[in-house]
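One letter stands for each residue in the lines below.
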Amino acid sequence: RRYDLVLPLAFRVRRHLTLAWPANWPLADAGAPVHLDEPFGLLSVTTESMGTTLRIEQDLALRQVRIATADYPKFRRLCFLADQADTTPLALEKK
């Protein structure tokens with residue numbers, strides 16, 4: 001990348017999800033927690049599995065609108081991890 005990335009706005013999105021399913025379908029994998037904190041942004045994803053319920057807490061913040069060329073690889077990683085957290089399917093196994 002040769003030039004800084006200039007974005008239209010800074011933002012913060014916090015999501016709290018609770019998912020439930022039938023007792024004979026246990027969750028195979030709740031996923032690993034993610035925590036990435038950079039000067040330009042933050043991503044935190046935690047999961048808590050409780051029987052037939054899964055609680056997901058996600059915090060995504062973009063603190064700066066200008067991402068320096070030197071910081072772009074870290075910014076790209078934050079975006080990749082945020083996309084991955086949103087698109088990773090949950091697997092249930094029928095007992």
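A brief structural summary. All of these numbers come straight from a predicted model, not from anything done at the bench.

Let us look at the sheet that holds strand 2 (residues 11-20). Neighbouring strands of a sheet are bound in pairs by backbone hydrogen bonds; such pairs are parallel or else antiparallel. Read across the open sheet, the 4 strands follow the order 2-5-4-3; overall the sheet is antiparallel. This sheet does not close on itself; its edge strands, each paired only once, are strand 2 and strand 3 (34-38). Neighbour to neighbour, the strand axes of the sheet diverge by 10 degrees on average, direction disregarded.

Our next topic: the side chain of Q58. Turning to its location among the elements, Q58 is positioned in strand 5 (residues 53-62). Side-chain polar atoms of Q58 contact the side chain of R15, separated by 2.3 Å. In this structure the side chain of Q58 is engaged in a polar contact, spanning 3.5 Å, whose partner is the side chain of D86. Discounting chain neighbours no more than four positions away, the residues touching Q58 are V13, R14, R15, L43, S44, V45, A82, A85 and D86.

So, on to the pattern of salt bridges. Scanning the model with the defined rule gives 6 salt bridges in all. A salt bridge links R66 to D4; the nearest nitrogen and oxygen atoms lie 3.6 Å apart. Here R66 is found in strand 6 (residues 66-67), whereas its partner D4 is found in the segment before strand 1 (5-6), with 62 residues between them in sequence. A residue is classified by how much of its surface remains accessible, and D4, at 32% relative accessible area, is partly exposed. Between D86 and R15 there is a salt bridge; the shortest N-O distance is 2.2 Å. Of this pair, D86 sits in helix 1 (residues 72-87) while R15 sits in strand 2; the two residues are 71 residues apart in sequence, bridging distant segments of the chain. Taking relative accessible area as the criterion, D86 reaches 46% and is therefore assigned partly exposed.

Another aspect to go through is helix 1. Helix length check: helix 1 (16 residues) gives 22 Å between terminal C-alpha atoms against 22 Å at 1.5 Å per residue, within 8%. Among the residues of helix 1, those classed as buried are F75, L78, L81 and A82. For helix 1, the arc enclosing every buried residue in end-on projection is 125 degrees, short of the 170-degree limit, so these residues lie on one face. In helix 1, the exposed positions that point more than 90 degrees away from the buried face belong to R76, D83 and T87. Residues of helix 1 that are buried sit in contact with strand 1, strand 3, strand 4 (41-50), strand 5 and strand 6.

Conventions adopted
- Residues numbered from 1 in each chain as written.
- Predicted model: local features only at pLDDT ≥ 70, side-chain atom pairs only at ≥ 80, totals over all residues.
- Heavy atoms only, no water.
- Pairing = 2+ DSSP bridges.
- Helix = DSSP H or I, 4+ residues; strand = E, 2+ residues; numbered from the N terminus.
- Axes fitted to C-alpha atoms, helices over the stretch in contact; angles between N-to-C directions.
- Polar contact = N/O pair within 3.5 Å; in protein donor to acceptor, adjacent residues only side chain to side chain.
- Contact = heavy atoms within 4.5 Å.
- Salt bridge = Lys/Arg side-chain N within 4 Å of Asp/Glu carboxyl O.
- Buried < 20%, exposed > 50% of the residue type's maximum accessible area, 1.4 Å probe, protein only.
- Expected span 1.5 Å × (residues − 1).
- Arc of directions from axis to C-beta.

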